[in-house]
Amino acid sequence: MDYDNNIAELRACIVAANPSLGTSENIDNWWLLGTTGCHLCEIAEQLMVRFQSVQPITYENVDIADFNEDLMMEFATTIPVILTPSKRLDYPFSVMDLQQLLAHN
């Protein structure tokens, strides 16, 4: 399935795989998609923590290993990926890229 232009559909598929993301506390959060042992994912999380120190955002770490195979393969070669309620940002990204996501969200 091609999710590139439909973030709402993509997020719905992720919620189906990980229902805790669909709660009222999590549904509007940014999601940092990655997996255990991914060096780039660790770097991305450090960026998110740094960004969070200057911007009041909330994000959830989401492990793609919890997804079905089709959904996992959507991200297998692009993680880490940030999904906001309306945008997708594939790695590499910087704090400035995160700031732009916030401005356009």
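Parameters at a glance
- Each residue is numbered by its place in its chain's sequence as written, counting from 1.
- In view of the model being predicted, local features appear only for residues whose pLDDT reaches at least 70, and side-chain atom pairs are presented and counted only at 80 or more, with totals across whole chains, interfaces and linings using the full set of residues.
- Side-chain metrics rest on all non-hydrogen atoms present in the structure, leaving aside hydrogens and water.
- For helices, the fitted line uses only the C-alpha atoms of the stretch in contact; every axis is such a line through C-alpha atoms, and the angle between N-to-C directions lies from 0 to 180 degrees.
- Under the DSSP-based scheme used, a helix requires at least four consecutive residues in state H or I and a strand at least two consecutive residues in state E, with every element numbered from the N terminus.
- Just so you know how the angles are binned, under 35 degrees is roughly parallel, over 145 roughly antiparallel, 65 to 115 roughly perpendicular, and the rest oblique.
- By definition, turning the near helix anticlockwise from the far helix through less than a right angle yields a left-handed crossing, and turning it clockwise yields a right-handed one.
- Two residues qualify as a contact provided that any one of their heavy atoms is within 4.5 Å of a heavy atom in the partner residue.
- Working definition of a nonpolar core: buried Ala, Val, Leu, Ile, Met, Phe, Trp, Tyr and Cys residues. They are joined through side-chain atoms within 4.5 Å.
- Exposure classes here rest on a 1.4 Å probe applied to the protein chains alone. A residue is buried below 20% of its type maximum, exposed above 50%, and partly exposed in between.

Q: It is not clear to me how the packing of helix H2 (residues 39-52) against helix H4 (residues 95-103) should be interpreted in this structure. Could you clarify?
A: Between two packed helices, what matters for the description is the angle formed by their axes and the separation of those axes. Packing of H2 against H4 leaves a shortest axis separation of 10 Å and a crossing angle of 60°. By the angle class used here, H2 and H4 are oblique. The chirality of how H2 crosses H4 is right-handed. Note on element contacts: H4 touches H2 through Val-95, Leu-98, Gln-99 and Leu-102, opposite Leu-47, Met-48, Arg-50 and Phe-51.

Q: Got a minute to help me understand the nonpolar core in this structure?
A: Considering soluble globular proteins, one finds that nonpolar side chains tend to be buried as a cluster. Of all hydrophobic cores here, the largest spans 17 residues; its most connected members are Ile-14, Trp-31, Leu-33, Val-62, Phe-67, Phe-75 and Leu-83. Counting only elements with at least two residues in this core, the list comes to helix H1 (7-17), strand S1 (30-34), helix H3 (69-75) and strand S3 (81-83). The element best represented in this core is H1, accounting for 4 residues. Among all residues touching Leu-83, those that are not within four sequence positions of it are Ile-7, Leu-10, Arg-11, Ile-14, Asn-29, Trp-30, Trp-31, Leu-33 and Arg-88.

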